[in-house]
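# Chains, contacts and geometry: an overview
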Amino acid sequence: MKLEFPIRALALLAGWLAVSGSVWADQGSATQGKKLKLEEVRLLLEKGRASGSLPEGMIIRLGACLGERDEQASGELVPVELRETWEFTSNQVHRVEYDYKDGKSLYHRVESRPFDSKNLCRDLLEGRATEILVKKGRGPEVGFVGTRYRRGSRDLEVVWNGETVLNLFETNGAFLHFYRESDARAFGALYERLASQARALFKPKAAEPK
């Protein structure tokens, strides 16, 4: 199956290219507005871990658009495509629809569930989110670790007071952006650690026996 290069990956790449290389080299944030150094982002997450909730004004957004599954893989049935976008806020998780219009990324919350965010900052810290961003991993560049898909994009973004302060993503559509293997494995594990919590809450309830 041919998966068209996803709009979300194009938008992410455009935003990523807008950030100068020197910002990355200096361990700055992936944002065109207020720039937080990675040390400041980490302190923000440490504060959230200590308080047991997301810092005020913080949103954690993640999404995937994956296809071309590995037909040779055995085991559990894998859907032809994986498309999902989630947003975590201080007391809710939201299922989100994504669009890209007039050069802007648009996110529409279509369904929400109550959610206890007390462990999210811990998840990001233990998942090495800030370390992955500086791209000092080891091994060859690989993508979509932990999935059975071979094409598309995945992303994880931390927004604080309207500005992106941390942005991790991988894509191999019309453009290529992968991490070295050690970072790719960490990114894949972190993505699943967060996404699985959202999926569990939105999983259809089993029909009650008659």
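Each residue is numbered by its place in its chain's sequence as written, counting from 1. For this predicted model, a pLDDT threshold of at least 70 governs which residues receive local features, and a threshold of 80 or more governs which side-chain atom pairs are given and counted, while totals over whole chains, interfaces and linings are taken from all residues. Heavy atoms throughout the structure, all of them, feed into the side-chain values; hydrogens and water do not.

Helix and strand content of the protein: 6 helices and 9 strands. Accessibility here uses a 1.4 Å probe with only protein chains present; expressed as a share of the type maximum, an area under 20% marks a residue as buried, one over 50% as exposed, and anything in between as partly exposed. Among the 210 residues that make up the protein, the fraction classed as buried is 43%. Across the protein, every contact between residues at least 6 apart in sequence was considered, and the portion connecting residues at least 24 apart equals 68%. We get accessible surface area from the Shrake-Rupley algorithm with a probe of 1.4 Å; when it comes to residues, only the shown protein chains can shield them. For the protein, the computed accessible surface area is about 11400 Å², with 50% contributed by carbon and sulfur atoms. Under the DSSP-based scheme used, a helix requires at least four consecutive residues in state H or I and a strand at least two consecutive residues in state E, with every element numbered from the N terminus. Contact criterion: two residues are considered in contact whenever any of their non-hydrogen atoms come within 4.5 Å of each other.

This paragraph deals with the pairing of strand β6 (residues 149–160). Across the 12 residues of β6, 9 count as buried, placing the element largely inside the fold. Two strands are said to pair when DSSP picks up at least two bridges between them. Judged from the 8 bridges that link them, β6 and strand β7 (residues 163–172) form a sheet pairing that is antiparallel. If you follow V159 over to β7, its bridge partner there is T164.

Another aspect to go through is unusual backbone geometry. With phi around 55°, K135 is a residue other than glycine that occupies positive phi space. Note on placement: K135 falls in the loop between α5 (129–133) and β5 (141–142). Positive phi values are uncommon outside glycine, yet N161 reaches one of about 50°.

Counting 42 residues, the largest nonpolar core has F88, L124 and L194 as the members making the most contacts within it. At the level of secondary structure, the elements contributing two or more residues to this core comprise α3 (38–51), β1 (58–69), β2 (82–88), α4 (120–126), α5, β6, β7 and α6 (181–202). The element that contributes the greatest number of residues to this core is α6, accounting for 9 residues. With residues near it in sequence (within four places) discarded, F88 still touches L54, M58, I59, I60, L62, V93, F115, L120, L194 and A198. Think of a nonpolar core as a cluster: buried Ala, Val, Leu, Ile, Met, Phe, Trp, Tyr and Cys residues, connected wherever their side-chain atoms sit within 4.5 Å.

This part covers the sheet that holds strand β8 (residues 176–177). Taken together, 7 strands build an open sheet; the order of strands is β4-β3-β2-β1-β6-β7-β8 and the sheet is antiparallel. Both edges of this open sheet fall to β4 (104–114) and β8, since each of them pairs with a single strand only. Simply put, an axis is a line fit to the C-alpha atoms, just over the touching stretch for a helix, and the angle between two N-to-C directions goes from 0 to 180 degrees. Against the sheet, α6 contacts β1, β2, β3 (92–101), β4, β6 and β7, and its axis sits at roughly 85° relative to β2.

This next bit is on the side chain of T130. Of note, T130 is situated in helix α5. Since its relative accessible area comes to 9%, T130 is described here as buried. Leaving out residues up to four positions away in the same chain, T130 has contacts with L38, V41, R42 and L166.

Turning our attention to the side chain of E87. Assignment of secondary structure puts E87 in strand β2. The exposure class assigned to E87 is buried, which follows from its relative accessible area of 3%. Those residues in contact with E87, other than ones at most four positions away along the chain, are I59, I60, R61, Q92, V93, H94, V96, Y107 and R109.

Here the focus is the environment of R128. Its location among the elements puts R128 in the loop between α4 and α5. Judged by its relative accessible area of 32%, R128 falls in the partly exposed class. Through-space distance from the C-alpha of R128 to that of F187 is 8.0 Å; in sequence the pair is 59 residues apart.

The next subject is α3. Here the expected length of a helix is defined as 1.5 Å per residue gap, with one fewer gap than residues. In this model, α3 (14 residues) spans 20 Å end to end at C-alpha, consistent with the 20 Å of a helix rising 1.5 Å per residue. Along α3, the residues classified as buried are L38, V41, L44, L45 and G48. One side of α3 carries all its buried residues, which in axial view fall inside an arc of 120°. Relative to its buried face, α3 has exposed residues pointing more than 90 degrees away, namely L43, K47 and A50. Of the residues flanking the end of α3, it is G52, one or two places downstream, whose phi is positive at about 80°. As used here, the arc belongs to the directions running from the helix axis to the C-beta atoms.

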